Amino acid sequence: QKEVEQDPGPLSVPEGAIVSLNCTYSNSAFQYFMWYRQYSRKGPELLMYTYSSGNKEDGRFTAQVDKSSKYISLFIRDSQPSDSATYLCAMGGLPQGAQKLVFGQGTRLTINP
Amino acid sequence: DAGITQSPRHKVTETGTPVTLRCHQTENHRYMYWYRQDPGHGLRLIHYSYGVKDTDKGEVSDGYSVSRSKTEDFLLTLESATSSQTSVYFCAISEGVQPQHFGDGTRLSIL
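In this report, the structure presented in the accompanying data block is examined. (Residues numbered from 1 in each chain as written. Chains lettered and ligands numbered in written order. Predicted model: local features only at pLDDT ≥ 70, side-chain atom pairs only at ≥ 80, totals over all residues. Heavy atoms only, no water.)

Scanning chain B from terminus to terminus reveals 0 helices and 11 strands. At 13 Å, chain B has a C-alpha radius of gyration in line with the 13 Å of a compact globule built from 111 residues. Split into buried and exposed, the 111 residues of chain B put 50% on the buried side. For chain B, contacts bridging at least 24 residues in sequence account for 54% of all contacts bridging at least 6. Accessible surface computed for chain B: about 5100 Å², of which carbon and sulfur atoms make up 48%. Each charge class in chain B can be summarised by its mean position, and for the 11 positive and 13 negative side chains these summaries are 2 Å apart. (Helix = DSSP H or I, 4+ residues; strand = E, 2+ residues; numbered from the N terminus. Rg over C-alpha atoms; globule rule 2.2 N^0.38 Å. Buried < 20%, exposed > 50% of the residue type's maximum accessible area, 1.4 Å probe, protein only. Contact = heavy atoms within 4.5 Å. Areas by Shrake-Rupley, 256 points an atom, 1.4 Å probe, with all protein chains shown as cover. Lys, Arg positive; Asp, Glu negative; His and termini not counted. Charge placed at Lys NZ, Arg CZ, Asp CG, Glu CD.)

So, in structure tokens, the structure goes:
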């Protein structure tokens, strides 16, 4: 079993829809949780970063962490065609903190106009 | 791109040849990383550095070596490239407990 599981998709939704992207993990030592967005032929770009359970909101994006269930989610409201990309979850824990991250394999998302 | 430059951006080479990829940062961050990205595997850590001349292995370090003689430069070397090392290679940097920021990658093809 992988330490971090992420549904690879692909996921295709109409413009304006609410998108939910999810990752589960097995290592209870994970404390740092990130979501990256990656456009084709580009490097991953940090979207959200949190180190606690609960919700964190930034514009149309909400990151949710449930440590008791070992489950994290990224919600995208009012999705736009420009949100079409691959989304990667990443997490890290003691002792290396945010230095040794484990990534999910990414979910490819397409927003259809 | 958080002041990260990877070179070359694309390279095609033959099995058995040595290859060196360069990562250059202008942020003066302490930590630097090399990852490879392959379909079905996501991003996997090859090596990372926590200071000049201080490096450690990652998940997939076999066949790779690294060097960091200056804060701003982190080199990844494939001593004798194999076809299984065909991949997209990403460099990342970070400081303290802050998240990592990535360069735009090097596409390496080994024929």
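In this section: the interface of chain A and chain B. Across the boundary between the two partners, chain A contributes 20 residues, which contact 27 residues of chain B. When chain A packs against chain B, the two sides together hide about 1800 Å² of surface, and 52% of this comes from carbon and sulfur. Counting the surface chain A buries against chain B, the share from its top three residues, R41, Q99 and F103 of chain A, is 32%. Across the contact surface, chain A and chain B share 1 salt bridge. (Buried area = accessible area lost by both parts, 1.4 Å probe. Salt bridge = Lys/Arg side-chain N within 4 Å of Asp/Glu carboxyl O.)

Take the state of the cysteines next. Two cysteines joined by a covalent bond between their sulfur atoms form a disulfide. All names here are of chain B. Under the defined criterion, the tally for this structure stands at 2 disulfides over all chains. Covalent S-S linkage joins C23 and C91, the inter-sulfur distance amounting to 1.9 Å. Its S-S torsion of about -70° marks the bond between C23 and C91 as left-handed, since a negative value means left-handed. Highlighted residues: C23 in strand 3 (residues 19-25) and C91 in strand 9 (residues 87-94), separated in sequence by 68 residues. Note on accessibility: C23 and C91 belong to one class, buried. (Disulfide = S-S within 2.5 Å.)

A few words now on the pairing of strand 11 (residues 106-110) of chain B. Residues and elements named next belong to chain B. Across the two faces of strand 11 the burial differs, with T106, L108 and I110 buried and R107 and S109 not buried at all. Pairing of strand 2 (residues 10-13) with strand 11, which is carried by 4 bridges, proceeds in the parallel orientation. Considered in strand 11, the bridge of T13 is made with I110. Looking at chain direction, strand 9 and strand 11 are connected through 3 bridges and run antiparallel. Opposite S87, over in strand 11, you have L108 as the bridge partner. (Pairing = 2+ DSSP bridges.)

Okay, the sheet that holds strand 1 (residues 4-6) of chain A next. All names here are of chain A. Spatially, the 5 strands line up as an open sheet ordered 1-3-8-7-6, and their pairing is antiparallel. Taken across any chain shown, the strands that pair with only one partner, and hence form the sheet edges, are strand 1 and strand 6 (54-58). Averaged over neighbouring strand pairs, the angle between their axes works out to 15° when direction is ignored. Examined bridge by bridge, strand 3 (residues 19-25) and strand 8 (residues 71-76) share 6 bridges and lie antiparallel to one another. Residue pairing across strands places V19 opposite I76, the latter belonging to strand 8. (Axes fitted to C-alpha atoms, helices over the stretch in contact; angles between N-to-C directions.)

This brings us to the packing of aromatic side chains. Throughout the structure, instances matching the rule amount to 14 aromatic pairs over all chains. Ring-pair connections join several aromatic residues into one group, and the members of that group are Y36 and F103 of chain A together with Y33, Y35, Y48, Y50 and F102 of chain B. (Phe/Tyr/Trp six-rings, centres within 6.5 Å; stacked < 30°, edge-to-face > 60°.)

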